[in-house]
Amino acid sequence: MQKLQFNPPLLNTPCPWCSELENLRELYACEYTGAVTTRTSMLEPYPHDWAKNQYVLFDATAQQVAGVNERNATQQQTSSLNTIGLSPNNLAVTKGFVRTISDKLREKSNKPFIISVFGSPEEVGECYEQICALQTEVKMPLAMEINISCPNIPGKISPAYSAEELLPYLNALQSTLEKLNQGENALPIGIKIPPFTYQNQYDELIKGLLQAVENGKNLPICFITSTNTLGSSLLMQGDKAVLNSEVGTGVGGMAGTSIHALSLGNVYMLRQMLDQEPALKSLQLIGVGGVNDKAGFERMKAAGADFVGLATALGVKGIEVFEEILSE
(Lines give C-alpha, C1' and ligand atoms only; values in the text may rest on other atoms or scores of the structure.)
Protein backbone atom coordinates (compact mmCIF):
# COMPACT_ATOMS: atom_id res chain seq x y z
CA MET A 1 0.00 0.00 0.00
CA GLN A 2 1.18 3.51 -0.79
CA LYS A 3 1.82 5.84 2.14
CA LEU A 4 0.54 9.36 2.53
CA GLN A 5 2.91 11.89 1.00
CA PHE A 6 2.30 15.61 1.09
CA ASN A 7 3.98 18.83 2.08
CA PRO A 8 3.35 21.07 3.95
CA PRO A 9 2.21 18.50 6.55
CA LEU A 10 -0.97 20.46 7.29
CA LEU A 11 -4.54 19.75 6.26
CA ASN A 12 -8.17 20.19 7.24
CA THR A 13 -10.24 17.42 8.75
CA PRO A 14 -13.96 16.67 8.23
CA CYS A 15 -16.06 19.58 9.53
CA PRO A 16 -18.93 21.85 8.45
CA TRP A 17 -16.46 24.04 6.56
CA CYS A 18 -15.48 21.38 4.02
CA SER A 19 -18.98 20.23 3.16
CA GLU A 20 -19.60 21.72 -0.26
CA LEU A 21 -17.79 22.24 -3.55
CA GLU A 22 -16.82 25.84 -2.87
CA ASN A 23 -15.33 24.90 0.52
CA LEU A 24 -13.24 22.15 -1.03
CA ARG A 25 -12.23 24.31 -3.98
CA GLU A 26 -10.92 27.02 -1.62
CA LEU A 27 -9.07 24.50 0.56
CA TYR A 28 -7.49 22.82 -2.46
CA ALA A 29 -6.37 26.13 -3.97
CA CYS A 30 -4.72 27.21 -0.72
CA GLU A 31 -0.94 26.86 -1.03
CA TYR A 32 -0.64 26.30 2.72
CA THR A 33 -2.64 23.05 2.76
CA GLY A 34 -0.66 19.97 1.86
CA ALA A 35 -3.80 17.86 1.47
CA VAL A 36 -7.57 18.29 1.70
CA THR A 37 -10.03 16.03 3.48
CA THR A 38 -13.69 15.86 2.47
CA ARG A 39 -16.59 15.73 4.90
CA THR A 40 -17.53 12.15 5.82
CA SER A 41 -19.84 10.59 3.21
CA MET A 42 -21.74 7.33 3.07
CA LEU A 43 -23.03 5.47 0.04
CA GLU A 44 -26.45 6.90 0.88
CA PRO A 45 -26.94 10.48 2.11
CA TYR A 46 -26.99 11.03 5.86
CA PRO A 47 -30.33 12.62 6.91
CA HIS A 48 -28.83 15.94 7.94
CA ASP A 49 -31.15 18.60 9.41
CA TRP A 50 -29.72 21.97 10.50
CA ALA A 51 -32.53 22.22 13.09
CA LYS A 52 -31.07 19.16 14.84
CA ASN A 53 -27.50 18.84 13.52
CA GLN A 54 -25.82 21.97 14.81
CA TYR A 55 -22.52 23.51 15.87
CA VAL A 56 -21.40 26.46 17.95
CA LEU A 57 -18.05 28.09 18.64
CA PHE A 58 -17.42 29.03 22.27
CA ASP A 59 -15.03 30.36 24.88
CA ALA A 60 -14.17 27.48 27.22
CA THR A 61 -13.26 29.84 30.08
CA ALA A 62 -16.28 32.11 30.15
CA GLN A 63 -18.64 29.63 28.42
CA GLN A 64 -19.70 32.42 26.09
CA VAL A 65 -20.99 31.18 22.74
CA ALA A 66 -21.14 32.53 19.22
CA GLY A 67 -24.24 32.11 17.07
CA VAL A 68 -25.54 28.60 16.48
CA ASN A 69 -24.45 27.40 13.02
CA GLU A 70 -22.59 30.70 12.50
CA ARG A 71 -18.91 31.54 12.01
CA ASN A 72 -18.98 34.71 14.08
CA ALA A 73 -16.53 33.75 16.82
CA THR A 74 -14.41 36.13 18.84
CA GLN A 75 -10.69 35.55 19.33
CA GLN A 76 -11.45 33.79 22.62
CA GLN A 77 -14.05 31.42 21.17
CA THR A 78 -11.58 28.78 19.99
CA SER A 79 -13.50 25.69 21.08
CA SER A 80 -16.51 24.10 19.42
CA LEU A 81 -19.39 21.80 20.18
CA ASN A 82 -21.37 20.02 17.52
CA THR A 83 -24.28 17.63 17.23
CA ILE A 84 -23.64 17.12 13.54
CA GLY A 85 -23.67 13.64 12.10
CA LEU A 86 -22.22 12.88 8.68
CA SER A 87 -22.45 14.65 5.33
CA PRO A 88 -25.82 15.08 3.64
CA ASN A 89 -23.89 14.53 0.40
CA ASN A 90 -23.42 10.88 -0.43
CA LEU A 91 -20.19 9.47 -1.83
CA ALA A 92 -21.32 9.95 -5.42
CA VAL A 93 -21.80 13.70 -4.82
CA THR A 94 -18.48 13.99 -2.98
CA LYS A 95 -16.69 12.23 -5.83
CA GLY A 96 -18.34 14.70 -8.18
CA PHE A 97 -16.86 17.58 -6.19
CA VAL A 98 -13.37 16.07 -6.49
CA ARG A 99 -13.84 15.40 -10.18
CA THR A 100 -14.97 18.99 -10.79
CA ILE A 101 -11.90 20.40 -9.02
CA SER A 102 -9.66 18.04 -10.97
CA ASP A 103 -11.19 19.08 -14.29
CA LYS A 104 -10.15 22.68 -13.63
CA LEU A 105 -6.49 21.75 -13.08
CA ARG A 106 -4.20 22.43 -16.02
CA GLU A 107 -1.80 19.66 -15.08
CA LYS A 108 -1.36 16.87 -12.56
CA SER A 109 -1.14 17.83 -8.90
CA ASN A 110 0.74 16.21 -6.01
CA LYS A 111 -1.77 17.44 -3.42
CA PRO A 112 -3.97 14.54 -2.29
CA PHE A 113 -7.67 14.48 -1.64
CA ILE A 114 -8.46 12.29 1.37
CA ILE A 115 -12.04 11.13 0.94
CA SER A 116 -13.67 10.46 4.30
CA VAL A 117 -16.27 7.67 4.39
CA PHE A 118 -18.37 5.63 6.78
CA GLY A 119 -20.70 2.64 6.61
CA SER A 120 -20.74 -1.06 7.38
CA PRO A 121 -17.52 -3.00 6.73
CA GLU A 122 -18.92 -4.19 3.41
CA GLU A 123 -20.02 -0.68 2.44
CA VAL A 124 -16.57 0.69 3.26
CA GLY A 125 -15.09 -1.90 0.90
CA GLU A 126 -17.44 -0.66 -1.81
CA CYS A 127 -16.41 2.92 -1.05
CA TYR A 128 -12.77 1.98 -1.61
CA GLU A 129 -13.56 0.37 -4.96
CA GLN A 130 -15.37 3.52 -6.07
CA ILE A 131 -12.49 5.75 -4.96
CA CYS A 132 -10.04 3.54 -6.87
CA ALA A 133 -12.18 3.95 -9.98
CA LEU A 134 -12.22 7.73 -9.42
CA GLN A 135 -8.42 7.75 -9.22
CA THR A 136 -8.26 6.84 -12.92
CA GLU A 137 -10.28 9.97 -13.77
CA VAL A 138 -8.61 12.71 -11.71
CA LYS A 139 -5.31 14.58 -11.75
CA MET A 140 -4.52 14.38 -8.03
CA PRO A 141 -3.69 11.41 -5.77
CA LEU A 142 -6.52 10.03 -3.66
CA ALA A 143 -6.70 8.36 -0.27
CA MET A 144 -9.55 7.06 1.87
CA GLU A 145 -10.16 7.72 5.57
CA ILE A 146 -12.76 5.65 7.43
CA ASN A 147 -14.42 7.78 10.09
CA ILE A 148 -15.20 5.23 12.78
CA SER A 149 -15.41 7.84 15.50
CA CYS A 150 -18.38 10.22 15.14
CA PRO A 151 -20.07 10.54 18.57
CA ASN A 152 -23.28 12.03 17.17
CA ILE A 153 -24.84 9.03 15.39
CA PRO A 154 -27.57 7.54 17.61
CA GLY A 155 -27.08 3.87 18.39
CA LYS A 156 -23.55 3.72 16.99
CA ILE A 157 -20.46 3.01 19.12
CA SER A 158 -17.01 3.54 17.67
CA PRO A 159 -15.47 0.27 16.45
CA ALA A 160 -12.10 1.69 17.51
CA TYR A 161 -12.98 1.00 21.16
CA SER A 162 -13.17 -2.76 20.62
CA ALA A 163 -10.89 -5.17 18.76
CA GLU A 164 -13.92 -7.34 18.09
CA GLU A 165 -15.74 -4.42 16.42
CA LEU A 166 -12.68 -3.10 14.56
CA LEU A 167 -11.60 -6.40 13.05
CA PRO A 168 -14.55 -6.76 10.60
CA TYR A 169 -13.55 -3.43 9.03
CA LEU A 170 -9.94 -4.51 8.65
CA ASN A 171 -10.98 -7.91 7.29
CA ALA A 172 -13.34 -6.30 4.76
CA LEU A 173 -10.54 -4.02 3.59
CA GLN A 174 -8.18 -6.97 3.25
CA SER A 175 -10.75 -8.82 1.13
CA THR A 176 -11.28 -5.76 -1.08
CA LEU A 177 -7.54 -5.28 -1.57
CA GLU A 178 -7.12 -8.95 -2.47
CA LYS A 179 -10.02 -8.70 -4.91
CA LEU A 180 -8.47 -5.69 -6.64
CA ASN A 181 -4.96 -7.22 -6.52
CA GLN A 182 -3.30 -3.84 -6.10
CA GLY A 183 -0.44 -4.75 -3.73
CA GLU A 184 1.99 -1.90 -3.18
CA ASN A 185 -0.01 0.32 -5.55
CA ALA A 186 -3.09 0.32 -3.34
CA LEU A 187 -4.32 3.79 -2.44
CA PRO A 188 -3.60 4.91 1.14
CA ILE A 189 -6.29 3.92 3.64
CA GLY A 190 -6.63 5.16 7.19
CA ILE A 191 -9.00 5.13 10.14
CA LYS A 192 -10.11 8.12 12.19
CA ILE A 193 -10.48 7.26 15.86
CA PRO A 194 -12.17 8.90 18.85
CA PRO A 195 -10.32 10.21 21.90
CA PHE A 196 -9.05 7.52 24.26
CA THR A 197 -9.24 8.23 27.96
CA TYR A 198 -7.88 5.03 29.53
CA GLN A 199 -5.35 2.32 28.74
CA ASN A 200 -7.75 -0.44 27.77
CA GLN A 201 -8.93 1.58 24.79
CA TYR A 202 -5.38 1.81 23.41
CA ASP A 203 -4.89 -1.89 24.10
CA GLU A 204 -8.04 -2.83 22.19
CA LEU A 205 -6.96 -0.81 19.14
CA ILE A 206 -3.51 -2.39 19.10
CA LYS A 207 -5.04 -5.84 19.64
CA GLY A 208 -7.39 -5.40 16.67
CA LEU A 209 -4.59 -4.20 14.41
CA LEU A 210 -2.35 -7.11 15.39
CA GLN A 211 -5.13 -9.64 14.88
CA ALA A 212 -5.59 -8.29 11.34
CA VAL A 213 -1.99 -9.18 10.44
CA GLU A 214 -1.93 -12.67 11.94
CA ASN A 215 -0.83 -15.50 9.65
CA GLY A 216 1.16 -13.17 7.41
CA LYS A 217 -1.71 -10.97 6.28
CA ASN A 218 -0.92 -7.42 5.19
CA LEU A 219 -2.13 -4.53 7.30
CA PRO A 220 -4.95 -2.92 5.27
CA ILE A 221 -4.33 0.62 6.53
CA CYS A 222 -1.31 2.92 6.47
CA PHE A 223 -2.42 5.80 8.72
CA ILE A 224 -4.46 6.64 11.80
CA THR A 225 -6.11 10.01 12.41
CA SER A 226 -6.31 10.88 16.10
CA THR A 227 -8.57 12.31 17.44
CA ASN A 228 -12.17 13.07 16.61
CA THR A 229 -14.37 15.16 18.91
CA LEU A 230 -14.91 14.30 22.57
CA GLY A 231 -18.49 13.12 23.00
CA SER A 232 -20.85 13.54 25.97
CA SER A 233 -20.18 17.28 26.06
CA LEU A 234 -22.80 19.92 26.79
CA LEU A 235 -23.04 23.71 26.65
CA MET A 236 -25.79 25.45 28.61
CA GLN A 237 -27.22 28.94 28.88
CA GLY A 238 -29.18 29.10 32.08
CA ASP A 239 -30.98 25.79 32.38
CA LYS A 240 -31.17 25.09 28.64
CA ALA A 241 -28.80 23.39 26.22
CA VAL A 242 -27.31 25.72 23.62
CA LEU A 243 -27.67 23.21 20.79
CA ASN A 244 -30.37 20.90 19.62
CA SER A 245 -29.56 17.31 18.65
CA GLU A 246 -31.14 14.28 17.05
CA VAL A 247 -32.04 12.81 20.44
CA GLY A 248 -33.05 16.19 21.88
CA THR A 249 -30.40 16.49 24.60
CA GLY A 250 -28.00 18.95 22.99
CA VAL A 251 -25.14 16.68 24.03
CA GLY A 252 -22.48 16.44 21.33
CA GLY A 253 -18.81 16.34 20.45
CA MET A 254 -16.39 18.95 21.77
CA ALA A 255 -13.35 20.06 19.78
CA GLY A 256 -10.91 22.92 19.47
CA THR A 257 -8.50 24.15 22.11
CA SER A 258 -10.54 22.54 24.91
CA ILE A 259 -9.33 19.08 23.88
CA HIS A 260 -5.79 19.99 22.81
CA ALA A 261 -4.03 18.41 25.81
CA LEU A 262 -6.08 15.22 25.48
CA SER A 263 -5.34 15.02 21.76
CA LEU A 264 -1.61 15.49 22.33
CA GLY A 265 -1.70 12.68 24.88
CA ASN A 266 -3.51 10.40 22.43
CA VAL A 267 -1.03 11.03 19.63
CA TYR A 268 1.93 10.59 21.97
CA MET A 269 0.60 7.31 23.43
CA LEU A 270 -0.28 5.90 20.02
CA ARG A 271 3.14 6.70 18.60
CA GLN A 272 4.86 5.02 21.53
CA MET A 273 2.69 1.91 21.36
CA LEU A 274 2.80 1.55 17.57
CA ASP A 275 6.60 1.84 17.58
CA GLN A 276 6.80 -1.11 19.98
CA GLU A 277 5.15 -3.43 17.44
CA PRO A 278 7.22 -4.26 14.33
CA ALA A 279 4.06 -4.93 12.32
CA LEU A 280 2.59 -1.53 13.22
CA LYS A 281 5.48 0.89 13.52
CA SER A 282 5.17 1.97 9.88
CA LEU A 283 1.70 3.43 10.49
CA GLN A 284 1.57 7.19 9.98
CA LEU A 285 -0.33 9.50 12.33
CA ILE A 286 -2.44 12.54 11.50
CA GLY A 287 -2.65 14.49 14.76
CA VAL A 288 -5.86 16.44 15.27
CA GLY A 289 -7.36 18.35 18.16
CA GLY A 290 -7.11 21.96 19.25
CA VAL A 291 -4.36 23.12 16.91
CA ASN A 292 -5.04 26.82 16.59
CA ASP A 293 -1.62 28.36 15.87
CA LYS A 294 1.98 27.56 15.09
CA ALA A 295 2.76 26.57 18.68
CA GLY A 296 -0.06 24.02 18.63
CA PHE A 297 1.17 22.69 15.30
CA GLU A 298 4.68 22.24 16.68
CA ARG A 299 3.39 20.55 19.85
CA MET A 300 1.43 18.06 17.78
CA LYS A 301 4.48 17.28 15.64
CA ALA A 302 6.61 16.88 18.77
CA ALA A 303 4.04 14.44 20.19
CA GLY A 304 4.58 12.17 17.19
CA ALA A 305 2.26 13.32 14.40
CA ASP A 306 3.50 12.93 10.84
CA PHE A 307 0.83 15.36 9.67
CA VAL A 308 -1.36 17.86 11.52
CA GLY A 309 -5.05 18.43 10.89
CA LEU A 310 -7.44 21.09 12.12
CA ALA A 311 -11.13 21.84 11.97
CA THR A 312 -12.36 24.24 14.65
CA ALA A 313 -9.57 26.72 13.86
CA LEU A 314 -10.80 26.76 10.26
CA GLY A 315 -14.25 27.71 11.52
CA VAL A 316 -12.84 30.41 13.82
CA LYS A 317 -10.13 31.97 11.64
CA GLY A 318 -11.07 30.94 8.13
CA ILE A 319 -8.76 29.69 5.39
CA GLU A 320 -6.07 32.16 6.52
CA VAL A 321 -5.29 29.97 9.54
CA PHE A 322 -3.13 27.68 7.41
CA GLU A 323 -0.89 30.53 6.29
CA GLU A 324 -0.77 31.87 9.86
CA ILE A 325 0.48 28.52 11.19
CA LEU A 326 3.14 28.01 8.55
CA SER A 327 4.44 31.56 8.28
CA GLU A 328 4.46 32.84 11.87
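Preceding this paragraph is the structure being described.
Parameters and conventions
- Residues numbered from 1 in each chain as written.
- Predicted model: local features only at pLDDT ≥ 70, side-chain atom pairs only at ≥ 80, totals over all residues.
- Heavy atoms only, no water.
- Phe/Tyr/Trp six-rings, centres within 6.5 Å; stacked < 30°, edge-to-face > 60°.
- Helix = DSSP H or I, 4+ residues; strand = E, 2+ residues; numbered from the N terminus.
- Buried < 20%, exposed > 50% of the residue type's maximum accessible area, 1.4 Å probe, protein only.
- Contact = heavy atoms within 4.5 Å.
- Pairing = 2+ DSSP bridges.
- Axes fitted to C-alpha atoms, helices over the stretch in contact; angles between N-to-C directions.
- Core = buried A, V, L, I, M, F, W, Y, C linked by side-chain atoms within 4.5 Å.
- Parallel < 35°, antiparallel > 145°, perpendicular 65-115°, else oblique.
- Left-handed = near helix turned anticlockwise from the far one by under 90°.
- Right-handed = clockwise from strand over helix to strand, strands pointing away.
- Salt bridge = Lys/Arg side-chain N within 4 Å of Asp/Glu carboxyl O.

Draft legend 1. Structural detail: the packing of aromatic side chains. With the rule as written, the count across this model stands at 6 aromatic pairs. When the ring of Trp 17 is compared with that of Tyr 55, the centres are 5.2 Å apart and the planes differ by 80°; the resulting orientation is edge-to-face. On the criterion of sequence distance, the pair formed by Trp 17 in the loop between β1 (10–12) and α1 (21–29) and Tyr 55 in strand β3 (residues 55–58) is long-range, its members being 38 residues apart. As far as burial versus exposure is concerned, Trp 17 and Tyr 55 are alike and both buried. Taking 5.1 Å as the distance between ring centres and 90° as the angle between the ring planes, the aromatic pair formed by Phe 196 and Tyr 202 counts as edge-to-face. Since its relative accessible area comes to 2%, Phe 196 is described here as buried.

Draft legend 2. Structural context of the environment of Val 213. By the element assignment, Val 213 lies in the loop between α5 (199–212) and β8 (223–226). By relative accessible area, Val 213 is classed as buried at 15%. In this structure the C-alpha to C-alpha distance between Val 213 and Asn 185, which are 28 residues apart in sequence, comes to 19 Å. If sequence neighbours within four positions are ignored, Val 213 has contacts with Asn 218, Leu 219 and Ala 279.

Draft legend 3. Layout of the sheet that holds strand β7 (residues 189–193). Here we have 8 strands laid out as an open sheet, ordered β1-β14-β13-β8-β7-β6-β5-β2, and parallel in their pairing. The sheet terminates laterally at β1 and β2 (36–37), the two strands that pair on one side only. With 3 bridges joining them, strand β13 (residues 284–288) and strand β14 (residues 307–310) adopt parallel strand pairing. From the neighbouring strand, Val 288 faces β14, where its bridge partner is Gly 309. The strands that helix α9 (residues 320–327) touches are β1 and β14; relative to β1, the one it contacts most, it runs at about 160°.

Draft legend 4. Quick peek at the nonpolar core. Counting 84 residues, the largest nonpolar core has Met 144, Ile 146, Leu 209, Ile 221 and Ile 224 as its most contacted members. If we skip the residues at most four places from it in the chain, Met 144 touches Ile 114, Ile 115, Val 117, Val 124, Cys 127, Tyr 128, Ile 131, Leu 173, Pro 188, Ile 189, Gly 190 and Phe 223. Listed in part, the 11 residues of the second largest apolar core include Phe 6, Phe 223, Val 288 and Phe 307.

Draft legend 5. Seen up close, the sheet that holds strand β9 (residues 230–233). Spatial strand order, β3-β4-β12-β9: 4 strands in an open sheet with antiparallel pairing. Edge strands, defined here as strands with exactly one partner in the open sheet, are β3 and β9. Between one strand axis and the next, the sheet turns by 30° as a mean value, whatever way the strands run. Relative to strand β12 (residues 252–256), strand β4 (residues 79–82) runs antiparallel, the two sharing 4 bridges. Residue pairing across strands places Asn 82 opposite Gly 253, the latter belonging to β12.

Draft legend 6. Quick peek at the packing of α5 against helix α6 (residues 260–275). At a minimum axis separation of 11 Å, α5 and α6 run at an interaxial angle of 45°. It follows from the interaxial angle that α5 and α6 lie oblique. α6 is crossed by α5, and the crossing has right-handed handedness. Taking contact as the criterion, the partners of Gln 199, Tyr 202, Asp 203, Leu 205, Ile 206 and Leu 209 in α5 are, on α6, Gly 265, Asn 266, Met 269, Leu 270, Met 273 and Leu 274.

Draft legend 7. The arrangement of the pairing of β8 in detail. Judged by which residues are buried, β8 turns out to be covered on both faces: Phe 223 and Thr 225 on one side and Ile 224 and Ser 226 on the other are all buried. In this view, the connection linking β7 to its parallel neighbour β8 by way of α5 has right-handed handedness.

Draft legend 8. Inspection of the pattern of salt bridges at higher detail. In this structure the tally under the stated criterion is 6 salt bridges. Measuring nitrogen to oxygen at the nearest pair gives 3.0 Å for the salt bridge that ties Glu 129 to Lys 179. Of this pair, Glu 129 sits in helix α3 (residues 121–135) while Lys 179 sits in helix α4 (residues 163–180), and the two are 50 residues apart along the sequence. Ionic pairing is found between Lys 317 and Glu 324, a salt bridge with its closest N-O pair at 2.8 Å. By relative accessible area, which is 28% here, Lys 317 ends up partly exposed. According to the relative accessible area criterion, Glu 324 is partly exposed, its value standing at 26%. What emerges from the salt-bridge pattern is a single network uniting Arg 271, Asp 275 and Asp 306.

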